[in-house]
Amino acid sequence: MEIKISETMIEQLIKTPEIKLNKQDSILRIKNLNVYAGNHHILKNINLEIPKNKITVLLGPSGCGKTTLLKSINKLTDLYLELKVSGQIYIENDDILNTIKNIPLIRQKMGLLSQKPYPLPVSIYKNVAYGIKLKGIKDKKLIDYNVEKKLREVGLWNEVKDRLNYSADNLSIGQQQRLCLARGLAVKPLIILADEPTSSLDPVSSKIIDNLFRELKKHYTIILVTHILRQAQRLADNIVFMNYGEIIEQGNPDEVFKNTKTSHMKEYMVEGN
Amino acid sequence: MKKRKIVEEIIFRILTGIASYSLIVILCLIIIIIFIKGFNALSLDMIIKTPKGGYYYGGEGGVLNAIVGSLYIAFGATLIAILIGMPAALYINVHLVRYRRTQNTIRYFIDALWGIPSIVYGAFGFTLMLFLGMSASLLAGIITVALLITPIVIRTFDEVLSTIPKGLHEASLALGSTRAEMAFKVMFKQGFSGFITAVLLAFGRGIGDAASVLFTAGYTDLVPTNLDEPAATLPLAIFFQLGSPIPEVRERAYASAAILTIIILISSLTARFFSQKYSKSNLK
């Protein structure tokens, strides 16, 4: 039997492993994302791949579109009528912007940590149990087990184990932020979206969160929005620098920080340091 | 210049202080006058007996008919107002959160409803009653008062819900809540003390209003046992007794007013107790 190998087949053979590798490496792909608020073009043709089990830092000055990009990823842009979103965002090969799938289920693939902690108006225990129950788990022992596990993951268990039934409002702001992280982890997300999570915290609490992120990236992919250059330098495995709604530099932090190409980022680095 | 600022500060403090404390003085005066004027007529009979023959000429009896009638109407109307008002306020703040303009239009209409005088509600209730072929009854009274107080429940609860930060909306949606789960498990709990205030305000307005029940609930010396029977109310009992030329009957009007005030104070204290017990920082 004779096998004919054409040029295109060879090309495909060479290309296929590369495509597969890409898909395995990146957990989230954003293609041609544009966001408008009225006539204002907030995000301009964003194309981005987020590597799995890494910390990707979205860095840039205030108002550059970092938070909007984060909100687009878990469709919280739906809450704002004025925002018009177009493009594609693929998570596990699902285009979540143009899907007919259940949006709450898509959102559970991501845990959100906002600038200020917003604990739910219930006890510490119920804050963590909330997401677990939403997943349909009703067994009390299983919920108890998961609540403890997630509170341990964020290093809060020993601080709150004797007051699980107290209102989450009574915790310090740093503890509240960790509680919100535990609550987000309880829905077993693939990605953690963190929007300047340490901006309202004291240096000690900030350091705890930073260290947690280093641990958590073993199991989760983290997208961290920050305008603090030092935090980006400490944590990032992948840097995305944004300015006026555009990605102007991205890549490995060693490359990006050492061989900064654009004047905007150079200026930002000078001011930031 | 510095001295002028100090004088300004003192004058401002005195004026604002007078404005605040004068309200407390007025409330105390109202309560004292009612109790002094009605003191002689206040007796156990007033609250456990219905009017007997010749009551309105100084004969034996009490205003149990009006107390029970008022409580029935106020509780019934408040229940209806909660059933309509709570979902409406949640809808405005959960589902319409993107649609500012629609939100404001709805709020404008509800404010307009709140501003309509209760006698107009009474007249509307009366027309509605005739249209449905009903006679003056407990049910007609409950429906009319419910119309009067539903806007109060909606707008008061809405005011509290609208102050809930958008971050909490986002946090609960990000966890994978549906909007209904967010409304009842997060927003309702967060705004619970405001909800209690809304219910209390509505109950107080409902139990104290005379004009809306004048044509719709009617008046009777009997305690109503059925929704289609007429029902007496305390505001109308006060009104009828106060118009009497006989001093003892007028005293009974003040005694009835005292009873009404006590009911409102009790409901206010109960609501305050529950709203503190279930306030956000005590929630378990």
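Bear in mind that the values here come from a model prediction, so they are computed numbers and not experimental data.

What counts as what
Residues numbered from 1 in each chain as written. Chains lettered and ligands numbered in written order. Predicted model: local features only at pLDDT ≥ 70, side-chain atom pairs only at ≥ 80, totals over all residues. Helix = DSSP H or I, 4+ residues; strand = E, 2+ residues; numbered from the N terminus. Rg over C-alpha atoms; globule rule 2.2 N^0.38 Å. Buried ≥ 20, exposed ≤ 12 C-beta atoms within 10 Å, placed from the backbone. Pairing = 2+ DSSP bridges. Axes fitted to C-alpha atoms, helices over the stretch in contact; angles between N-to-C directions. Parallel < 35°, antiparallel > 145°, perpendicular 65-115°, else oblique. Left-handed = near helix turned anticlockwise from the far one by under 90°. Contact = placed C-beta atoms within 7 Å. Nonpolar A, V, L, I, M, F, W, Y, C, P; charged D, E, K, R; others polar. Domains from an automatic or database assignment.

Overview of the overall build of chain B
Moving on, step 1. The secondary structure content of chain B amounts to twelve helices and zero strands.
Moving on, step 2. Put simply, chain B runs from its N terminus to its C terminus through helices and strands in the order α-α-α-α-α-α-α-α-α-α-α-α.
Moving on, step 3. Expressed along its principal axes, the backbone C-alpha trace of chain B runs to roughly 70 × 65 × 35 Å.

Points about the overall build of chain A
Moving on, step 1. A count of helices and strands for chain A gives eleven helices and ten strands.
Moving on, step 2. Taking 19 Å as the expected radius of gyration for a compact globule of 273 residues, we find that chain A reaches 21 Å, a close match to that expectation.
Moving on, step 3. Dimensions of chain A, computed from the C-alpha atoms along their principal axes, are close to 70 × 60 × 40 Å.
Moving on, step 4. Burial statistics for chain A: of 273 residues in total, 42% are counted as buried.

Brief notes about the sheet that holds strand S4 (residues 83-91) of chain A
Residues and elements named next belong to chain A.
Moving on, step 1. The strand order across the open sheet built from four strands is S2-S1-S4-S5, with neighbouring strands paired in antiparallel fashion. Two strands close off the open sheet at either side, each with one partner strand: strand S2 (40-51) and strand S5 (94-95).
Moving on, step 2. By the bridge criterion, eight bridges tie strand S1 (residues 26-37) to S2 in an arrangement that is antiparallel. Bridge assignment links isoleucine 30 to a residue of S2, and that residue is leucine 48.

Some remarks on the packing of helix H7 (residues 173-185) of chain A against helix H8 (residues 203-216) of chain A
Residues and elements named next belong to chain A.
Moving on, step 1. Look at H7 against H8: their axes get within 9 Å of each other, and the N-to-C directions meet at 20°. Classified by the angle their axes make, H7 and H8 are roughly parallel. In the packing of H7 onto H8, the handedness of the crossing is right-handed. Between H7, through Gly174, Gln177 and Leu181, and H8, the contact on the second element is made entirely by Ser205, Ile208, Ile209 and Leu212.
Moving on, step 2. Its residues assigned to classes, the contact of H7 with H8 shows four nonpolar, three polar and no charged.

Things to note about the domain arrangement of chain B
Residues and elements named next belong to chain B.
Moving on, step 1. Under the domain assignment used here, chain B contains domain 1 (2-41) and domain 2 (47-282).
Moving on, step 2. Placing a centre on the C-alpha atoms of domain 1 and another on those of domain 2 gives a separation of 29 Å.
Moving on, step 3. If you look at the interface, domain 1 gives seven residues, while domain 2 gives eight residues.
Moving on, step 4. For the side of domain 1 that touches domain 2, the residue count by class is four nonpolar, two polar and one charged.

A word on the pairing of strand S3 (residues 55-59) of chain A
Residue and element names in this part refer to chain A.
Moving on, step 1. Along S3, five of the five residues are buried, which leaves the element largely enclosed by surrounding structure.
Moving on, step 2. Neither face of S3 is left uncovered, since the one carrying Ile55, Val57 and Leu59 and the one carrying Thr56 and Leu58 both have all their residues buried.
Moving on, step 3. Here S3 runs beside strand S8 (residues 221-226); their pairing, made up of five bridges, is parallel. Along S8, the bridge assignment pairs isoleucine 55 with isoleucine 222.

Notes on the environment of proline 117 of chain B
All names here are of chain B.
Moving on, step 1. Take proline 117: it is sitting in the loop between helix H4 (100-115) and helix H5 (118-131).
Moving on, step 2. The exposed category is assigned to proline 117, around which 11 C-beta atoms lie within 10 Å.
Moving on, step 3. Between the C-alpha atoms of proline 117 and glycine 194, which are 77 residues apart in sequence, the distance is 24 Å.

Brief notes about the environment of arginine 183 of chain A
Moving on, step 1. By the secondary structure assignment, arginine 183 of chain A is in helix H7.
Moving on, step 2. With residues near it in sequence (within four places) discarded, arginine 183 of chain A still touches Asn127, Val128, Tyr130 and Gly131 of chain A together with Leu175 of chain B.

Looking at the sheet that holds strand S6 (residues 110-113) of chain A
Residues and elements named next belong to chain A.
Moving on, step 1. As summarised here, the arrangement of the six strands in space is S6-S7-S8-S3-S9-S10, forming an open sheet in which the pairing is mixed. Two strands lie at the open edges of the sheet, namely S6 and strand S10 (246-251), each paired on one side alone. Taking each pair of neighbouring strands and ignoring which way they run, the sheet shows an average axis angle of 15°.

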